[in-house]
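What follows is each chain in one-letter form.
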Amino acid sequence: RPDYYFSDWIGTGEGSYTGTQNPATITMKGPITELANFNPCTYSVTPTEAYFRQGRDSAFFDIVVQPTCPWSLSSDSWIHILSSTSGTGPARISYTVDSNPGSAERTGYIWLIGWKTPNAQLTVHQSPPNYYYLTMGVSGTGMVQPPSGCYKKDTIITIQAYQYFRPDYYFSDWIGTGEGSYT
């Protein structure tokens, strides 16, 4: 089955083999039992989300999968895969996004399809003209406001951090990147 990959051999008996080599050799010096282990393919993409401004742009993502596992890719019409759309094993995939002609943020997907069904996806966000994507995150424990999302150019936004009710944590500082950010 193509949705499984060879993992290893477990051998018992004199002259048997235990390990990951395939093919492997054994020497018959008595009764031997060899068990070939096959595991289901696991699929993921890194990163799982990408953010773009309004214009045409390009980026890449990595497919993380075992070496013999097959995959194919599919995407929304405004996302164009420049690399191969199918293959076997790990890969780095290049893609472009068309300019966003609308007045709202749009979200699209690149689907990683394993043997028969989608196994992982890259979510692609793109701002409309004169909007920028604000990514909010937490290091440690706590929460932040406002949520990540698209905001119109020159909008003044108040950012706030809240600690969870744990006396062993406290707010330390903001680390911002990009024009207009706060550190």
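Our subject in this report is the structure included herewith. Small disclaimer: the values here were computed from a predicted structure and weren't measured.

Description of the sheet that holds strand S7 (residues 79-81)
Alright, step 1. Here we have 4 strands laid out as an open sheet, ordered S3-S5-S9-S7, and antiparallel in their pairing. In the strand order of this sheet, the two ends are held by strand S3 (44-46) and S7, each with one partner. Direction aside, neighbouring strands of the sheet carry axes that sit 35° apart on average.
Alright, step 2. Sheet topology places S7 next to strand S9 (residues 91-97); 3 bridges connect them, and they run antiparallel. The partner of Ile-81 across the bridge, within S9, is Tyr-95.

A closer look at the pattern of salt bridges
Pairs can form between side chains of opposite charge once their charged atoms are near each other.
Alright, step 1. According to the stated counting rule, one finds 2 salt bridges in the structure shown.
Alright, step 2. As a salt-bridge pair, Asp-98 and Arg-56 come within 2.7 Å of each other at their nearest N and O atoms. Residue Asp-98 is located in the loop between S9 and strand S10 (106-113), and its partner Arg-56 is located in the loop between strand S4 (49-52) and strand S5 (57-64); the two are separated by 42 residues in the primary sequence.
Alright, step 3. What makes Asp-98 partly exposed here is its relative accessible area of 24%.
Alright, step 4. For Arg-92, the salt bridge goes to Asp-62, with nearest N and O atoms at 2.8 Å.

A short note on the state of the cysteines
Alright, step 1. Enumeration over the complete set of coordinates arrives at 1 disulfide.
Alright, step 2. Across the disulfide from Cys-41 sits Cys-69; the S-S distance is 2.0 Å. Measuring handedness by torsion sign, the sulfur bridge of Cys-41 and Cys-69 sits at about -85° and is left-handed. Of the two residues, Cys-41 is situated in the loop between strand S2 (33-40) and S3 and Cys-69 in the loop between S5 and strand S6 (70-75); the sequence distance between them amounts to 28 residues.
Alright, step 3. Note on Cys-41: relative accessible area 12%, which makes it buried.

Remarks on the packing of aromatic side chains
Alright, step 1. Considering all chains together, one arrives at 6 aromatic pairs under this definition.
Alright, step 2. Ring geometry for Phe-6 versus Trp-9: centroids 5.6 Å apart, planes at 55°, classification tilted.
Alright, step 3. Judged by relative accessible area, which is 22%, Trp-9 ranks as partly exposed.
Alright, step 4. Ring pairing ties together the aromatic residues Phe-6, Trp-9 and Phe-38, which thus form one cluster.
Alright, step 5. The side chain of Arg-106 reaches across the aromatic face of Trp-78, ending 3.9 Å from its centre.

Describing the environment of Glu-34
Alright, step 1. Residue placement: Glu-34 occurs in strand S2.
Alright, step 2. Separated by 17 residues in sequence, Glu-34 and Tyr-17 place their C-alpha atoms 7.4 Å apart.
Alright, step 3. Non-local contacts of Glu-34, meaning those with residues more than four positions away in its chain, are made with Trp-9, Ile-10, Gly-11, Ser-16, Tyr-17 and Ile-26.

Points about the environment of Ala-59
Alright, step 1. Position of Ala-59 relative to the elements: it lies in strand S5.
Alright, step 2. Ala-59 gets classed as partly exposed once you look at its relative accessible area, which sits at 24%.
Alright, step 3. For Ala-59 and Val-97, which are 38 residues apart along the polypeptide, the C-alpha to C-alpha distance reads 8.6 Å.
Alright, step 4. Sequence-distant contacts of Ala-59, that is, excluding residues within four places in its chain, are made with Phe-52, Ile-93, Ser-94 and Tyr-95.

Calculation criteria
Residues numbered from 1 in each chain as written. Predicted model: local features only at pLDDT ≥ 70, side-chain atom pairs only at ≥ 80, totals over all residues. Heavy atoms only, no water. Pairing = 2+ DSSP bridges. Helix = DSSP H or I, 4+ residues; strand = E, 2+ residues; numbered from the N terminus. Axes fitted to C-alpha atoms, helices over the stretch in contact; angles between N-to-C directions. Salt bridge = Lys/Arg side-chain N within 4 Å of Asp/Glu carboxyl O. Buried < 20%, exposed > 50% of the residue type's maximum accessible area, 1.4 Å probe, protein only. Disulfide = S-S within 2.5 Å. Phe/Tyr/Trp six-rings, centres within 6.5 Å; stacked < 30°, edge-to-face > 60°. Lys NZ or Arg CZ within 6 Å of the ring centre and 35° of its normal. Contact = heavy atoms within 4.5 Å.

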